[in-house]
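Examining the three-dimensional arrangement
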Amino acid sequence: MIKLTPAHVIVIKCLIHLASIAFFIQLVWLTFNNGFGADPVKGIEHFTGKAALNTLLITLCVTPLVRIFRLGLLVRVRRLLGLYSFTWAFIHLSAYVAFDLGFDWGLLASELTDRPYLLFGAISWVILFCLAVTSLQKIQRKMGKQWQRLHNLIYPALVVALFHYVWSVKSGLIEPGIYFAIGTGLLAYRWKSFKRMYTFRFKSRAL
Ligand code: HEM
């Protein structure tokens, strides 16, 4: 069994930063070197959307890894991964608003109501935003129990992000299907915790 030390956690955090910077450099390189082919705007949207979803899934892998391999200190990288997921979601939405809509905020509002898959993306985005701005330890302490309740919204954020992805795809459902299976697996792993959460809520309301 591996025993993680605080030094290992620092190394893992550095690797997460390096990997994220490398992917960002790849995005810039592909954008300016015709790497996205005939429709670079779609290319950027797909790249950043996938990056947001991938980092969200990786963030949700931390708890199972901690429990299965007893790597308690690994929870310390969860916040960083979550923040990177939001950073990619931020770039994703910015690319859409800037290149597809030309900063027309009215058009964004009508797109969100006309195209339900965009509304799903927006719900996920807003949740990730709320989690990112409340991720500071100071805020966590101030919010007390409310903080955990708010951060449990990461699960609905994943579900709507998966629907946003599957719904946006025009052809080929194998890849979205794989994402769906991974997401479902990660949620199924927490099934007992969800059950406990809802039983507790139900009982405390009944009292
Ligand atoms: C207001 C928020 C959002 C908007 C307006 C938005 C918009 C879009 C658009 C326009 C596309 C391209 C669809 C096409 O091919 O025509 C897309 C794809 C995608 N988005 Fe979003 N999105 C949002 C939030 C999110 C979030 C929060 C995530 C993930 C956590 C996400 C993940 C994805 C993924 C995975 C794809 C598909 C990429 C692919 O096909 O390779 N999006 N989104």
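Above this text sits the structure in question.
Just so it is clear, the model here is predicted, and its values are computed rather than measured. Throughout, a residue's number is its position along its own chain's written sequence, starting from 1. In keeping with the predicted nature of the model, local features appear solely for residues at pLDDT of at least 70, side-chain atom pairs appear and are counted solely at 80 or more, and the whole-chain, interface and lining totals rest on all residues. Note that the side-chain values use all heavy atoms of the structure and ignore hydrogens as well as water.

1. Things to note about the coordination of the iron atom of the ligand
Note the cut-off: Sodium, potassium and calcium take a 3.2 Å donor cutoff, other metals 2.8 Å, and in both cases only N, O and S atoms count; water is not among them, so sites may look incomplete. Under this scheme a four-donor centre is tetrahedral when all angles range from 85 to 135 degrees, a four-donor centre is square planar and a six-donor centre octahedral when opposite donors are above 155 degrees with the rest from 65 to 115, and any other centre is irregular. The way it works is that DSSP assigns letters per residue, a run of H or I at least four long becomes a helix, a run of E at least two long becomes a strand, and they are numbered from the N terminus. Only protein chains enter the calculation, and the probe is 1.4 Å; a residue is then buried if its accessible area is under 20% of its type maximum, exposed if over 50%, and partly exposed in between.
Taken together, His 92 (NE2) and His 164 (NE2) make up the protein donors of the iron atom of the ligand, found 2.0 Å from the metal. Because the angles between the six donor atoms bound to the iron atom of the ligand fall within 86 to 179°, the donor set is best described as octahedral. Here His 92, found in helix α3 (residues 78-100), pairs with His 164, found in helix α8 (residues 154-168); they are 72 residues apart in sequence, far enough to count as distant. Overall, the relative accessible area of 22% leaves His 92 in the partly exposed class. His 164 gets classed as buried once you look at its relative accessible area, which sits at 17%.

2. Here's the deal with the pattern of salt bridges
Going by this rule: Note on definitions: salt bridges are taken to be side-chain nitrogens of Lys or Arg within 4 Å of carboxyl oxygens of Asp or Glu.
All chains considered together, the criterion is met by four salt bridges. Ionic pairing is found between Lys 42 and Glu 45, a salt bridge with its closest N-O pair at 3.0 Å. Here Lys 42 pairs with Glu 45, and both are found in helix α2 (residues 40-69), just three residues apart, close to one helical turn. Accessibility expressed as a relative area gives 31% for Lys 42, which makes it partly exposed. For Glu 175, the salt bridge goes to Lys 50, with nearest N and O atoms at 2.8 Å. Residue Glu 175 is found in helix α9 (residues 174-189), and its partner Lys 50 is found in helix α2; the two are separated by 125 residues along the sequence. Salt bridges sharing common partners tie together Lys 42, Glu 45 and Asp 100.

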